[in-house]
Each structure stands twice: as C-alpha cells, then as structure tokens.
Amino acid sequence: MSTLTDTLTERTGPRPQDDAASGYRPGRTLPPRVELVRQLKRRRTLVMGTILAVLPFVLVLAFAIGGDPEGRGERITLMDTATASGVNFAAVNLFVSAGYLLVVPVALFCGDTVASEASWSSLRYLLAAPVPRTRLLASKLAVALGLSLAAMVLLPLVALAVGTAAYGWGPLHIPAGGALAPGAAAQRLVVVVAYIFVSQLVTAGLAFWLSTKTDAPLGAVGGAVGLTIVGNVLDAVTALGHWRDFLPAHWQFAWADAVQPRPEWSGMIQGTAISLTYALVLFALAFRGFARKDIVS
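Thresholds, definitions, all that
Residues numbered from 1 in each chain as written. Predicted model: local features only at pLDDT ≥ 70, side-chain atom pairs only at ≥ 80, totals over all residues. Heavy atoms only, no water. Patch = residues over 30% accessible without salt bridge, like charges linked within 9 Å, V, L, I, M, F, W, Y side chains within 5 Å. Areas by Shrake-Rupley, 256 points an atom, 1.4 Å probe, with all protein chains shown as cover. Salt bridge = Lys/Arg side-chain N within 4 Å of Asp/Glu carboxyl O. Buried < 20%, exposed > 50% of the residue type's maximum accessible area, 1.4 Å probe, protein only. Helix = DSSP H or I, 4+ residues; strand = E, 2+ residues; numbered from the N terminus. Polar contact = N/O pair within 3.5 Å; in protein donor to acceptor, adjacent residues only side chain to side chain. Contact = heavy atoms within 4.5 Å. pLDDT = per-residue confidence, 0-100. Axes fitted to C-alpha atoms, helices over the stretch in contact; angles between N-to-C directions. Parallel < 35°, antiparallel > 145°, perpendicular 65-115°, else oblique. Left-handed = near helix turned anticlockwise from the far one by under 90°. Expected span 1.5 Å × (residues − 1). Bend = angle between axes of the 7 residues up to and from the residue. Nonpolar A, V, L, I, M, F, W, Y, C, P; charged D, E, K, R; others polar. Core = buried A, V, L, I, M, F, W, Y, C linked by side-chain atoms within 4.5 Å.

J.: Mind showing me how you'd approach a nonpolar patch on the surface here?
T.: A grouping of Val230, Leu234, Val237, Leu240, Trp243, Phe246 and Tyr278 is seen on the molecular surface, where their side chains present a nonpolar patch of about 670 Å² in accessible area. For Val230, a relative accessible area of 44% translates into the label partly exposed.

J.: Got a minute to help me understand the side chain of Asn232 in this structure?
T.: By the element assignment, Asn232 lies in helix 11 (residues 217–235). Of the polar contacts made by the side chain of Asn232, one reaches the side chain of Gln252; its length is 3.3 Å. Excluding residues that lie within four positions of it along the chain, Asn232 makes contacts with Gly99, Tyr100, Ala249 and Gln252.

J.: I'm lost on the confidence of the model for the protein chain in this one. Help?
T.: The predicted model of the protein chain averages 83 in pLDDT, with 83% of residues at 70 or higher. Mean pLDDT across the secondary structure elements of the protein chain bottoms out at helix 1 (residues 2–12), with 43, and peaks at helix 10 (residues 201–211), with 94. Segment residues 1–20: pLDDT under 50, and three contacts once partners within four positions in sequence are set aside and those in other chains are kept.

J.: Before we go on, may I ask you to explain the packing of helix 10 against helix 12 (residues 266–291) in this structure?
T.: Each pair of packed helices gets described by two things: the angle between the helix axes and the distance between those axes. Relative to each other, helix 10 and helix 12 sit at 15 degrees, their axes nearing to 8 Å. As far as their axial angle goes, helix 12 and helix 10 are roughly parallel. Our pair here, helix 10 against helix 12, has a crossing hand that is left-handed. Here Leu201, Val202, Ala204, Gly205, Leu206, Phe208 and Trp209 of helix 10 lie close against helix 12, whose contacting residues are Ser275, Leu276, Tyr278, Ala279, Leu282, Phe283, Leu285, Ala286 and Phe287.

J.: Mind showing me how you'd approach helix 6 (residues 103–119) here?
T.: Residues that lie three or four places apart on an α-helix share one face, since the helix turns once every 3.6 residues. With 17 residues, helix 6 extends 23 Å from end C-alpha to end C-alpha; this agrees with the ideal 24 Å at 1.5 Å per step. The axis of helix 6 is deflected most strongly, by about 45 degrees, at Asp112. Burial analysis of helix 6 places 15 of its 17 residues in the buried class, the great majority of the element. With its phi angle positive at about 60 degrees, Ser121 sits one or two positions after the end of helix 6.

J.: I tried to follow the packing of helix 10 against helix 11 on my own but got confused; where do I start?
T.: The interhelical angle for the contact between helix 10 and helix 11, taken along N-to-C directions, is 145 degrees, at an axis separation of 8 Å. Classified by chirality, the crossing of helix 11 by helix 10 is right-handed. Two secondary-structure elements touch here, helix 10 through Thr203, Leu206, Ala207, Leu210 and Ser211 and helix 11 through Ala220, Gly223, Ala224, Leu227 and Thr228. Residues of the contact of helix 10 with helix 11, tallied by class, amount to six nonpolar, four polar and no charged.

J.: It is not clear to me how the nonpolar core should be interpreted in this structure. Could you clarify?
T.: The nonpolar side chains of soluble globular proteins are, as a tendency, buried together. Ranked by internal contacts, the top residues of the largest apolar core, which has 68 residues, are Ile196 and Phe208. Where this core is concerned, the elements lending two or more residues are helix 4 (43–66), helix 5 (86–98), helix 6, helix 8 (133–167), helix 9 (182–199), helix 10, helix 11 and helix 12. Top element by residues in this core is helix 8. It accounts for 13 residues. When near neighbours in sequence (up to four residues on either side) are disregarded, Ile196 contacts Leu94, Ala98, Leu102, Met152 and Trp255.

J.: Which parts of the structure should I look at to understand the pattern of salt bridges?
T.: Pairs can form between side chains of opposite charge whenever their charged atoms are close. By the definition in use, this model includes four salt bridges. Asp112 serves as the salt-bridge partner of Arg44, at 3.1 Å between the closest nitrogen and oxygen. Linking Arg44 in helix 4 with Asp112 in helix 6, this pair joins segments that are 68 residues apart in sequence. Per residue, the accessibility class of Arg44 equals that of Asp112, and both read buried. Residues joined in a network through salt bridges with shared partners are Glu35, Arg38 and Lys140.

J.: Just checking my understanding: could you explain the environment of Leu147 for this structure?
T.: You can see Leu147 is positioned in helix 8. According to the relative accessible area criterion, Leu147 is buried, its value standing at 9%. Spatially, the C-alpha atoms of Leu147 and Leu40 are 8.7 Å apart, while their sequence positions differ by 107 residues.

In structure tokens, the structure reads:
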C-alpha cells in the first residue's frame, strides 16, 4: 500500500491539502490589524467616537448658557473650577464621564466583538478558516481594549483643546487650594486616564465573557453595563462597611488623589489590584469557556 501511494504521489504530485497544511501558520491567522480595520469601519465605532468628541462642546455650551459654576457654600468641588483653565476643563470632563459614560464604549467594544460574529452567523466560518480559538479571542480582545483606550484618550484631548480655546491655557486649580503648573498637570492627567482605563477592565472582562456566552450583542453589552451599575449601587450601601473595599466601583474615583499638590497613591494601588484581579479572572473564564463551546452560529 505504501509503495502504491508513493507511486501515485510521484505521478500526480502532492495533494492540495498537503500544500495548505505545510504553509499553515496559526500565528498569521486573523492579524490584529485586519480586525482593527473591520472594527473601525463599523458604524457604532464612529457613533461612539462622535459622542465622546461632542461632549466637551456640550459642556462649554452649558457653562455659556448657565454661567460660571458656583461653589456650594464653603465647599468647592472640581466642577466649580471647570472654567478656570483648559486643564481644569479636561479634568472635569473625566470626572463627569468616568463613572457612567466611559463605561459604555468599553462595554460596547468588548461585548459586541464575539457576539456580533455569532449573530451574523460568521463565527463558525472564521474558525473554519481555520483560525485557532485562542488566536481569535486574543485578536478581538486586543482590538477591543485598544479601541476602549482610544475612547478614553479622545475625550480629554478634545476637552483640553476646547477648554483651552474657551478658557485659556493655565495651571490646574485644585479645589482644596493650590495649583499645578500646566506641564505637571498634563502629566497627572495621563496618570488619571491610565487609572480610569485599568478600573474599566472589570467592565471589559464582564462584557467579553458575556460576549462568548451569547449570540446577542445587546445582551452582552447591556449585561456588562447593568452589572457595573449594580456594583455602583452596592458601593453606595454604607451598611456593607469594609466589604465595599472589594468592589471595583469603590475605587473608581481614587484618581482624584493624583491631582493634588502632593499625590496620594495608596487608593490607586488598591484599586488597580482589585480591578486587575477581577479582570484576569473574567478573561480567563472567557477563554476557557470558548475553548470548550460548540460553535453553531
């Protein structure tokens, strides 16, 4: 039999599938740049970017109509310093967006990525390419996190430009007293954006895990947003006491300690540890569950 097979191979040449198998490289399937181009062309990416870019203009218009913000009695908050400088305006945009608005693009980009393929009935064809399952998830997760980070960078950049044009370039005025030079303040804002991104990894993990469990993108996105809101509600229950320290939502505004004359890092360190722990567990569950899942969509 072996002799007959060798004779046929010599006469007809190698079979096409043998050539395909010899040239197959799992690491070259579905490169992140291809996935990035696909996601950038989607309408929801453009809509989300537009919303974040328009928000600073809406706030400037609101201050123009309502006048400069005023302190509540003797207490001055970050919102009350919004019109002090462009840097202050950028910080206020992050403050009003970190807890809720910035949750949406993270949940959208991470929750829609796998579930949308299943809803389009294209997921099984990607795996039949063949793209290894781990490679598929890793590529999609990397692009989703990259777009989430881009959304968080876009907002303060536009706000800084709009705020500087409207209120001028100047130091960051701190509500508790004192100010930071513009250069130092810009560096602190970079730290703030990085921390907000890390704190949102829990939402990203929830959305991505749910995306591997359902064929409905809206279910994955809505579920992640809903669970994030539940975490915020639980953090508001003071009766939980120290149990709130284990909630990612409890540390989401710890970045405010970074925009002080003498920054305090302990809260941000604890928040980072909590967020990374939850996120790594959720990402691991997503990869583990998807590796054993029957793909019928």
